[in-house]
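A look at the structure
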Amino acid sequence: MKKLWGGRFKKKADAGFERFSASFIWDRRLLPYDLEIDAAHVKALKKCGVLSAAEASTLSAAISDLAEKTRSGRLRLNPKAEDVHSAIQEALRKKIGPLADKLHTARSRNDLVSQSTRLYCRAECLKIIEGARRLKLALVRQAEDCQEVLVPGMTHLQNAQVVSQAHIFLAYVQMIERAQFRLRTALTLFDVCVLGSGALAGVSYDLDQKMIARELGLSRITQNSYDVSGDRDFVLNFLSSITLLGIQFSRIAEDLLVGQARGGAVVELDEAFCTGSSMMPQKKNADFLELARGASAVFAANFAGILLLLKGLPSSYNRDLQWDKKFLFDSVERCEELLEIFIRVVKTLKINRERARELLKDESIYATDLADYLVSKGTPFARAHEEVGRLVSFAEAEKTPLSKIGLDLIQKFAPLAEGGVYAIFDARHSVRMKKTAGSAHPAEVRREIRYWKRKLKK
Ligand code: ARG
């Protein structure tokens, strides 16, 4: 196959090196974006007089034909190509002959690959952002269905205070929202036309960069060609955003895993996402959740990969940069796959109300409410905290629920307690006592659900 750079070489490339240096197995994903760029580039070459009107129209037609075949999956490119850019060049040469050789005027693969990768990132980032929206919507719908389901919220993996399961689902929505925010800001770095940068110094043609930007739907043009050829900060930023999303997935997955450890779960994973054991016939393991938790390591590793790749790399182009694709494509494809399954997982979650009621039997979750009650009767908080602490420890030793301890005994620990104290040992009462914005109060939870439903509607 003809190289884009063969002229000065007398020897054939070492076959092993040639295979090692080829990036076509990865960068074939850039095909549609390269073709989009080619189409815009032809217009610019015509405008600056490199191509006649007739030549431009022949080239444009050939490029659209390749694009059409790409869309319908019929395009066959030479699998031995060095990279996607060379493969397209060869396909065009086959189609329209030597005129194809004019296409690679006023550009280098350095600015081409940088632009093409940015367009790829933009398209995939938008896809992930949209997936995140659908995931949030699925979580909000689950929240809507379990506003009445009260459970012990946990800190340090221990029962702590009462919240609704809806409140927990809405916390997940916030976590996804923050990752999505970072993805949205990642878009800014894709949104620049870098064509015209050439290899590093710019090009000696009147290439209308603003026109190319318009053609590609980009709002800015680059300010420095030397920077462009070595800049992969947009990949780094994108991979860090995907990593955050992966971290959120891992934490949500862990919550669901912890919930189902021993004794059964309030939030049950559908069987379709579980697997069995080859030895223990009774097993139904929540493998999806573990794979999702583990996938965050893959995203983090790819992010670390790009960090290591860029660290200390001289500015402008170096071939090391080609490895960016391995990290990028792996994270993007895994993330999209995972996101789609996560949406189905959330949609099919079942709430076990019985189990939630069982968990509420642990009345230590009312300790804070009890301290607040004593404050309302005039006990300073620190003192109330201590009194309740002693009472809870007594109840634990006696294996008695707080609500079963007689008033005179309670008063021994907390002298300002009155008959009304027993109202405290009630989960509904507990959430209704919360007053702050974003709290577990049912009205706040309802408000949040309304807010998200409005916001997430397309
Ligand atoms: N495959 C290369 C990459 O992804 C394209 C750029 C090649 N440029 C060069 N100067 N060899 O980085």
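As a starting point, this report considers the structure included with it. (Residues numbered from 1 in each chain as written. Predicted model: local features only at pLDDT ≥ 70, side-chain atom pairs only at ≥ 80, totals over all residues. Heavy atoms only, no water.)

Right, let's get into the pattern of salt bridges. Tallied over the entire structure, the rule returns 32 salt bridges. In this structure, K3 engages E18 in a salt bridge whose closest nitrogen and oxygen atoms are separated by 2.5 Å. In this pair, K3 is assigned in the segment before α1 (15-21) and E18 in helix α1, connecting sequence segments 15 residues apart. Residue K3 is classed as partly exposed on the basis of its relative accessible area of 27%. Accessibility expressed as a relative area gives 33% for E18, which makes it partly exposed. Notably, a salt bridge pairs E82 with R109, separated by 3.1 Å at the nearest N-O pair. You can see E82 sitting in the loop between α4 (53-71) and α5 (84-96) and its partner R109 sitting in helix α6 (residues 109-145), a full 27 residues away along the chain. Judged by its relative accessible area of 13%, E82 is buried. (Salt bridge = Lys/Arg side-chain N within 4 Å of Asp/Glu carboxyl O. Helix = DSSP H or I, 4+ residues; strand = E, 2+ residues; numbered from the N terminus. Buried < 20%, exposed > 50% of the residue type's maximum accessible area, 1.4 Å probe, protein only.)

Compared with an ideal rise of 1.5 Å per residue, which puts 24 residues at 34 Å, helix α11 (residues 287-310) spans 35 Å between its outermost C-alpha atoms and is within 8% of the ideal. Residues F288, L289, A292, A295, S296, F299, N302, G305, I306, L309 and L310 constitute the buried set of α11. Next to the buried residues of α11 lie α10 (233-260) and α12 (324-347). The positive-phi residue at the C-terminal boundary of α11 is G312, with phi of around 70 degrees. (Expected span 1.5 Å × (residues − 1). Contact = heavy atoms within 4.5 Å.)

Turning to the site of the ligand, a few remarks are in order. Close contacts around the ligand come from S23, D83, R109, N110, V113, Y317, R319, Q322 and K325, and that covers them all. The separation between a nitrogen atom of the ligand and a polar side-chain atom of S23 is 3.3 Å. Burial of the ligand by the protein amounts to 87% of the accessible area it has alone, namely 350 Å². When residues of the shell around the ligand are assigned to their parent elements, the largest contribution, 3 residues, is made by α6. Its residues placed into classes, the shell around the ligand shows 2 nonpolar, 3 polar and 4 charged. (Near = heavy atom within 4 Å. Polar contact = N/O pair within 3.5 Å; in protein donor to acceptor, adjacent residues only side chain to side chain. Areas by Shrake-Rupley, 256 points an atom, 1.4 Å probe, with all protein chains shown as cover. Nonpolar A, V, L, I, M, F, W, Y, C, P; charged D, E, K, R; others polar.)

This brings us to the packing of aromatic side chains. Inspection of every chain in the model, using the stated rule, returns 15 aromatic pairs. Where W5 meets F9, the ring centres are 5.1 Å apart and the plane angle is 70 degrees; that geometry is what we call edge-to-face. Put simply, the rings of F249, F273, F288 and F342 touch in pairs and so form one group of aromatic residues. Between the NZ or CZ atom of R8 and the centre of the ring of F9, over which it lies, the distance is 5.9 Å. Above the face of the F24 ring, R28 is positioned so that its terminal group lies 4.5 Å from the ring centre. (Phe/Tyr/Trp six-rings, centres within 6.5 Å; stacked < 30°, edge-to-face > 60°. Lys NZ or Arg CZ within 6 Å of the ring centre and 35° of its normal.)

This paragraph deals with the packing of α6 against α12. For the pair α6 and α12, interaxial distance at closest approach is 9 Å and the crossing angle is 15 degrees. Classified by the interaxial angle, the pair formed by α6 and α12 is roughly parallel. Of the two elements, α6 crosses α12, and the hand of that crossing is left-handed. Across the contact of α6 with α12, the residue classes break down as 16 nonpolar, 3 polar and 8 charged. (Axes fitted to C-alpha atoms, helices over the stretch in contact; angles between N-to-C directions. Parallel < 35°, antiparallel > 145°, perpendicular 65-115°, else oblique. Left-handed = near helix turned anticlockwise from the far one by under 90°.)

So, about a nonpolar patch on the surface. Together, L4, W5 and F9 give the surface a local cluster of nonpolar side chains, amounting to about 270 Å² of exposed area. Here L4 lies in the segment before α1. Overall, the relative accessible area of 30% leaves L4 in the partly exposed class. (Patch = residues over 30% accessible without salt bridge, like charges linked within 9 Å, V, L, I, M, F, W, Y side chains within 5 Å.)

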